[in-house]
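Given next are the chains, with one letter for each unit.
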Amino acid sequence: MKRMPFASLSTIAALLAAMCGLASAGEDLRLEYSRAQLKQAAKPAAEFKLEETMGHPEAFRIAKVGNKAVIEYGSPAAAVYGALAVARGEFVPGVVEKPDFDIRGTTLCVMAVSNTYKVTFSPETTPWFFDRAFMERTLDSFAAERLNTIFLWSCHLFPYILELPKYPEACELKPEEIRRNQQQFRWFTQECARRNIRVLLHFYNIHISEPMAKAHNLPPNPRVPTPFLKEYTHYALSRFFEEFDSVGLYICPGESLRMQYQSEWFREVIFEAAIKSGKNPQLVIRDWTLDIKFRKQLHSLYENCYSETKHNQESLTSPIPDRRHQQWKGVLKGHIVNLHGPPMDLEPMRWASPRFIAETVGEWKSLGFLNGAEIYTTIFWQWP
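As a starting point, this report considers the structure included with it. Note that the structure is predicted; figures quoted are calculated from it, not measured. (Residues numbered from 1 in each chain as written. Predicted model: local features only at pLDDT ≥ 70, side-chain atom pairs only at ≥ 80, totals over all residues. Heavy atoms only, no water.)

### Topic: the overall build of the protein
So, point 1. If you tally the helices and strands in the protein, you get 13 helices and 12 strands.
So, point 2. Burial analysis of the protein (384 residues in total) assigns 55% to the buried set.
So, point 3. Total accessible area on the protein is roughly 16000 Å²; 50% of this is exposed by carbon and sulfur atoms. (Helix = DSSP H or I, 4+ residues; strand = E, 2+ residues; numbered from the N terminus. Buried < 20%, exposed > 50% of the residue type's maximum accessible area, 1.4 Å probe, protein only. Areas by Shrake-Rupley, 256 points an atom, 1.4 Å probe, with all protein chains shown as cover.)

### Regarding the packing of helix α9 (residues 227–243) against helix α10 (residues 262–277)
So, point 1. In contact at an axis separation of 9 Å, α9 and α10 are set at 25° when each is read in the N-to-C sense. It follows that α9 is roughly parallel to α10 by the angle criterion. Between α9 and α10 lies a crossing whose hand is right-handed. Note on element contacts: α10 touches α9 through Glu 264, Trp 265, Glu 268, Val 269, Ile 270, Glu 272, Ala 273, Ala 274, Lys 276 and Ser 277, opposite Leu 229, Lys 230, Thr 233, His 234, Leu 237, Ser 238 and Phe 241.
So, point 2. In the contact of α9 with α10, the residues fall into 8 nonpolar, 4 polar and 5 charged. (Axes fitted to C-alpha atoms, helices over the stretch in contact; angles between N-to-C directions. Parallel < 35°, antiparallel > 145°, perpendicular 65-115°, else oblique. Left-handed = near helix turned anticlockwise from the far one by under 90°. Contact = heavy atoms within 4.5 Å. Nonpolar A, V, L, I, M, F, W, Y, C, P; charged D, E, K, R; others polar.)

### A short note on the environment of Tyr 232
So, point 1. By secondary structure assignment, the location of Tyr 232 is in helix α9.
So, point 2. Taking relative accessible area as the criterion, Tyr 232 reaches 0% and is therefore assigned buried.
So, point 3. On a C-alpha basis, the gap between Tyr 232 and Ile 208 in space is 9.4 Å, while along the polypeptide they are 24 residues apart.
So, point 4. With near-sequence residues (within four places) excluded, Tyr 232 lies in contact with His 156, Pro 159, Leu 164, Tyr 167, Ala 170, Ile 208 and Met 212.

### Observations regarding the packing of aromatic side chains
So, point 1. For the structure shown, the criterion picks out 25 aromatic pairs.
So, point 2. Their ring planes at 90° and their centres at 6.0 Å tell us that Phe 48 and Tyr 73 sit as a pair that is edge-to-face. Of the two residues, Phe 48 is situated in strand β1 (residues 47–50) and Tyr 73 in strand β3 (residues 68–73); the sequence distance between them amounts to 25 residues.
So, point 3. Its relative accessible area of 21% is what places Phe 48 among the partly exposed residues.
So, point 4. Ring centres 5.1 Å apart and planes at 80° place the aromatic pair Tyr 167 and Tyr 232 in the edge-to-face group. (Phe/Tyr/Trp six-rings, centres within 6.5 Å; stacked < 30°, edge-to-face > 60°.)

### Quick notes on empty space enclosed by the protein
So, point 1. Taken as a whole, the largest cavity holds about 40 Å³ of empty space.
So, point 2. As for the largest cavity, its lining consists of 12 residues, of which Val 110, Val 119, Thr 120, Cys 155 and Leu 157 are closest to the centre. (1 Å grid on protein atoms, 1.4 Å probe; cavity = no way out; pocket = protein on both sides within 12 Å on 5 of 7 lines; lining within 4 Å. Points joined across faces, edges and corners; volume = space filled by probe spheres on them.)

### Side note on the sheet that holds strand β2 (residues 60–65)
So, point 1. Spatially, the 4 strands line up as an open sheet ordered β1-β3-β2-β4, and their pairing is mixed. Two strands close off the open sheet at either side, each with one partner strand: β1 and β4 (96–97).
So, point 2. Here β1 runs beside β3; their pairing, made up of 4 bridges, is parallel. Looking at β3, one finds that Glu 47 is bridged to Val 70.
So, point 3. The strands touched by helix α3 (residues 76–88) are β1, β2 and β3; relative to β3, the strand with the most contacts, the crossing angle is about 155°. (Pairing = 2+ DSSP bridges.)

The analysis is restricted to geometry; functional conclusions fall outside its scope.
Right under this line is the structure:
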């Protein structure tokens, strides 16, 4: 398999190996993908055996019966990782392999202009996303490293991947161009599901598109919720959950929204749209500029919600996580560490030491309540 065309793949691979680890839609797709990996690796003698007592949805065990490998799995997610282990010859017969972290993710950035919050989305502005052969290789590389989450960074992508008949002014693209984008986004999420990769769409939650801002004489990044902004964003989120039922949200309270409005905005717009969808989508909230009083309310507002905090702010200065992580212990369904570094100093020459990686991940595990990690690539803004 052709390896990823960016320099930080080895960084991610090493980190994931240290995490010792290995999403819910597309079960048949995952089994199909698992069989395809065995076929591609010329392992026709391998077979699958459902074993529901593995203790974790991503746990598997390989048994050897003569020349045949029997992949024991408890769910289609585990079948993917078992098949990859057999295909690569990386397993110990009879040993149950299971992850230490349930969420193991990296980032892709679909912001059109490097290092800005500009909104647009098309084959011209983001050609790599529309290159299906390239994306299949990319996702295969992520699956091979046992990544199971993609944090898809954008500013306000909704009007570029959804038809919003109530707000046609939200996007400058033609209807057929929006449908093209929607089809490609759906293909992307399905290909992720085949590989047991969940997609969490990031958005700066009160930003709007430039066409919408011009049409209503607003800044693209307003700071105060208005009845119009609340109604529009609620509508866009509702359409998003309706069209992409396997996709969740990665939400940043900061950058624009004033702190005193966070509780109102999340409760009446984001959480209400998620609850009304009836699909219980997974939401991850960054604590960047999050109001402390609002943090204490979160557990009672939405159940399938995770928190996230940066490891050492926006640099990697120590293997020991920031003490702010302790503030999230037991607050929500889970907590994620964000290894944030592309514009700062997370470079391969600083992050290539296996000992340093193992020490860092060991510190994460020692906290006892971390459920996962989001790992930035070193060229995040410019990838690929």
